[in-house]
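Residues per chain, in single letters:
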Protein chains: 2
Amino acid sequence: AGKSQHNEDQACCEVVFVEQRSREGSGELDGGRKGFYFHYWALFDGHAGSGAAVMASERLHLHICEQTGSADPNQVSYAEDGGEVPNDAVPRFHLEKAVSHESLVIGAIENAFKHMDDQIEQERASQHLAGGCCALAAIYLMGKFYVANAGDSRAIIIRNGEIIPMSREFTPETERQRLQFLALLRPELLGKEFTHLEFPRRIQPKELGKKMLYRDQNMNGWAYKKIEEDDLKFPLIFGEGKKARMMATIGVTRGLGDHDLKVFSSNIHIKPFLSCFPEVRVYDLTQYEHCPDDVLVLGTDGLWDVTNDKEVAGVVMEVLTSYEPNDPCRYTMVAQELVVRSRGVLKERGWRLANDKLGSGDDISVFVIPLGGPGNYT
Amino acid sequence: AGKSQHNEDQACCEVVFVEQRSREGSGELDGGRKGFYFHYWALFDGHAGSGAAVMASERLHLHICEQTGSADPNQVSYAEDGGEVPNDAVPRFHLEKAVSHESLVIGAIENAFKHMDDQIEQERASQHLAGGCCALAAIYLMGKFYVANAGDSRAIIIRNGEIIPMSREFTPETERQRLQFLALLRPELLGKEFTHLEFPRRIQPKELGKKMLYRDQNMNGWAYKKIEEDDLKFPLIFGEGKKARMMATIGVTRGLGDHDLKVFSSNIHIKPFLSCFPEVRVYDLTQYEHCPDDVLVLGTDGLWDVTNDKEVAGVVMEVLTSYEPNDPCRYTMVAQELVVRSRGVLKERGWRLANDKLGSGDDISVFVIPLGGPGNYT
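The rules behind these values
- Residues numbered from 1 in each chain as written.
- Chains lettered and ligands numbered in written order.
- Predicted model: local features only at pLDDT ≥ 70, side-chain atom pairs only at ≥ 80, totals over all residues.
- Heavy atoms only, no water.
- Contact = heavy atoms within 4.5 Å.
- Buried area = accessible area lost by both parts, 1.4 Å probe.
- Salt bridge = Lys/Arg side-chain N within 4 Å of Asp/Glu carboxyl O.
- Polar contact = N/O pair within 3.5 Å; in protein donor to acceptor, adjacent residues only side chain to side chain.
- Helix = DSSP H or I, 4+ residues; strand = E, 2+ residues; numbered from the N terminus.
- Disulfide = S-S within 2.5 Å.
- Phe/Tyr/Trp six-rings, centres within 6.5 Å; stacked < 30°, edge-to-face > 60°.
- Buried < 20%, exposed > 50% of the residue type's maximum accessible area, 1.4 Å probe, protein only.
- Lys NZ or Arg CZ within 6 Å of the ring centre and 35° of its normal.
- Pairing = 2+ DSSP bridges.
- Axes fitted to C-alpha atoms, helices over the stretch in contact; angles between N-to-C directions.

## Some details on the interface of chain B and chain A
Listed per partner, the contact involves 49 residues of chain B and 49 residues of chain A. Carbon and sulfur atoms make up 58% of the area that chain B and chain A hide from each other, which totals about 4,500 Å². On the surface where chain B and chain A come into contact, there are 6 salt bridges. Counting across the chain B and chain A interface gives 10 residue pairs in polar contact (both at pLDDT 80 or more). Those elements that provide at least two residues to the side of chain B that touches chain A are helix H1 (51-71), helix H2 (101-123), helix H3 (176-185), strand E8 (211-214) and strand E9 (223-226) of chain B.

This is how it looks when you write it as structure tokens:
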């Protein structure tokens, strides 16, 4: 769109083979290569440079491979020892909590994001990596889709016309309470510039002693307090919707990278408030019948800012019905159409959609992944 | 049931008049009494004594009255001054966030719970108040039900046979991440006895150096770690379902009171981990048509432990249809029937239900509140 010189969105899709390692102590692999495959699609929406997004797009699936390998999802075992290896999830100890295969995969994906973030931190100097990125990944493994999201990209499933959200966005507004709680417990992170309280607007010094609405970390509603000196500081969370910012700096609160990000012309670090951990949602493909028109759509915010879920579902239906059901390029055409429609056309007053509303001036990336139809689940 | 000498459940229902105060500076009231009414029902499930529950049942509605009065829900105004008084929610400042009437009421209820908890703290010595309590309150105000819950009591609406949850429970399991986050940031609260990590079972000293499943505050899944010295401490959260405990002491993580509660034979305080703030859910009665069989059911865990949502809905339907639609005692009969069926009959092997399953040995309290029918909404 011309917003930045390079596209800061990055994408990756792969089929990854996970070799299952032998256990500690046994020392040797079984005869051939033993393991399993997963299918992987991911979008990385970079900011303040494309470095973190590029690196994450090249490596995140390798970290997921590494972590799922050591999670050993074919057999759940607790404290490992050479001899006694259990081969199911039945607790062996009194009061032992059963841990499902699914929650091992979720834990593996969560830790893969953490390792990815650590790697960006370690290599950012030598690799000249700048910025950070949102990350949205869909992993298909043993009949289930695991959709992991850290940031403001979004995923939905469209099944028989019904829309099923597969992610939620992590922004200063949705994560307000986590951020305020951290700031309350670690006020030194605010560098005397910010207050952890939220106010509906900036307070003017002349209003000291008057009453003002506020929200604390343990509140969802608003109440009044008497304005004190400390309340004149800038609020940790400020602004609404797409304009909401944490520490007046960043509009997403989860993702990878951003290790050097500071509040403008200050020495206050942003990273302690950012989480690299995704929320992982699971969709069990075997629980439903799927037709060839059922899809999982992943998109960066460039898509969702101008095209809502219902409009996306409309485009999916419209484009898919215009192709033969077994034409494999029909899903690619949907993705292209979603990008083209969300971009619009460059006019004198910027990018415009067909209905003359404002098009997206942001980078736009979309995956459309079929859930059913011929050759399914293999 | 014989669990304790006195019933530790307490209840209250009231119609409360909220007098609207004049603003600071104006100094006088309008001619007559100006204000509004709210209807109020609340259940308090005490533990370790009935003192906190008794006091909360006598006072919480007064705190809600106080807070809603100063929230001034008839007109939203921000920084107050004598002269300029706005009479709607239209922002007067650049970038000012609009605050709805509903979120002022929510904030008032949240702060009322906080003031109630503070009062219990202040008066516990002079009033010889022991223990703590869960609190569940339903406030009907200007066409909306506000259901505020702190603890493991529950509220559901049954509308045309459909079940609508109006609360969620706050237990060591549902609040695991909040508790672990606090413990991670304030390790001194754990008194060297506990670890903030969760493990599926107690680890034995001989397992040092082996690998074990764990969950940290930012994870929903499970992953492996090498067992270190610190992991031999007792986990902050331990046990499953009704047996889940925080610091091996308490099974609810929100409520009022418990200011003196400590881990058994230690000097470790529990209260810093407990929240007195409720989650408030709103149900707009004017958005739906209600028939005389539509009800809001509030119950302490004594009800819900043995009777699930569907069974409760069944009893509601069964009892209501056996009375005339305009018989006002039909709702009381439902509440009585729910208590009687959940208690069961005392046999040799304890309380037994009609199906010979275990009945509730806990105190049981139920409100059944009609949402529709004759004389509605007045």
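From this point, things continue past the structure.
## What about the state of the cysteines?
Evaluation of the coordinates by the stated rule reveals 0 disulfides over all chains. Cysteine A:Cys329 shares no disulfide, and the gap to the nearest cysteine sulfur, in A:Cys13, comes to 16 Å. Distance from the sulfur of B:Cys291, which forms no disulfide, to the nearest cysteine sulfur (B:Cys329) is 18 Å.

## Quick notes on the side chain of A:Arg343
Relative to the elements of secondary structure, A:Arg343 occurs in helix H6 (residues 330-343). Engagement of the side chain of A:Arg343 in a polar contact is seen with the backbone oxygen of A:Asp362, the distance being 2.9 Å.

## A closer look at the environment of B:Tyr37
Along the chain, the position of B:Tyr37 falls in strand E2 (residues 35-47). Sequence separation between B:Tyr37 and B:Met333 is 296 residues; the distance between their C-alpha atoms is 27 Å.

## A few points about the packing of aromatic side chains
As enumerated under the stated definition, the model contains 15 aromatic pairs over all chains in all. Where A:Phe181 meets B:Phe181, the ring centres are 5.7 Å apart and the plane angle is 65 degrees; that geometry is what we call edge-to-face. Linking A:Phe181 in helix H3 (residues 176-185) with B:Phe181 in helix H3, this pair reaches from one chain into another. With a centroid separation of 5.5 Å and 10 degrees between ring planes, the pair formed by B:Tyr283 and B:Tyr288 is classed as stacked. Using a relative accessible area of 40% as the deciding quantity, one classes B:Tyr288 as partly exposed. Its end group placed over the ring of A:Trp304, A:Arg154 keeps NZ or CZ at 4.5 Å from the ring centre.

## Here's the deal with the sheet that holds strand E6 (residues 162-165) of chain B
All names here are of chain B. Judged by pairing direction, the sheet is antiparallel, and its 4 strands sit side by side in the order E6-E5-E15-E18 without closing on themselves. Whereas interior strands pair on both sides, the edge strands pair on one side only; in this sheet they are E6 and strand E18 (366-370). Strand-to-strand, the axes of this sheet are offset by a mean angle of 20 degrees, without reference to chain direction. Pairing between strand E5 (residues 154-159) and strand E15 (residues 295-299): 5 bridges, direction antiparallel. Among the inter-strand pairings, Ile157 is bridged to a residue of E15, identified as Leu296. Relative to the sheet, helix H5 (residues 309-321) contacts E5, E6 and E15, its axis offset from that of E5 by approximately 50 degrees.

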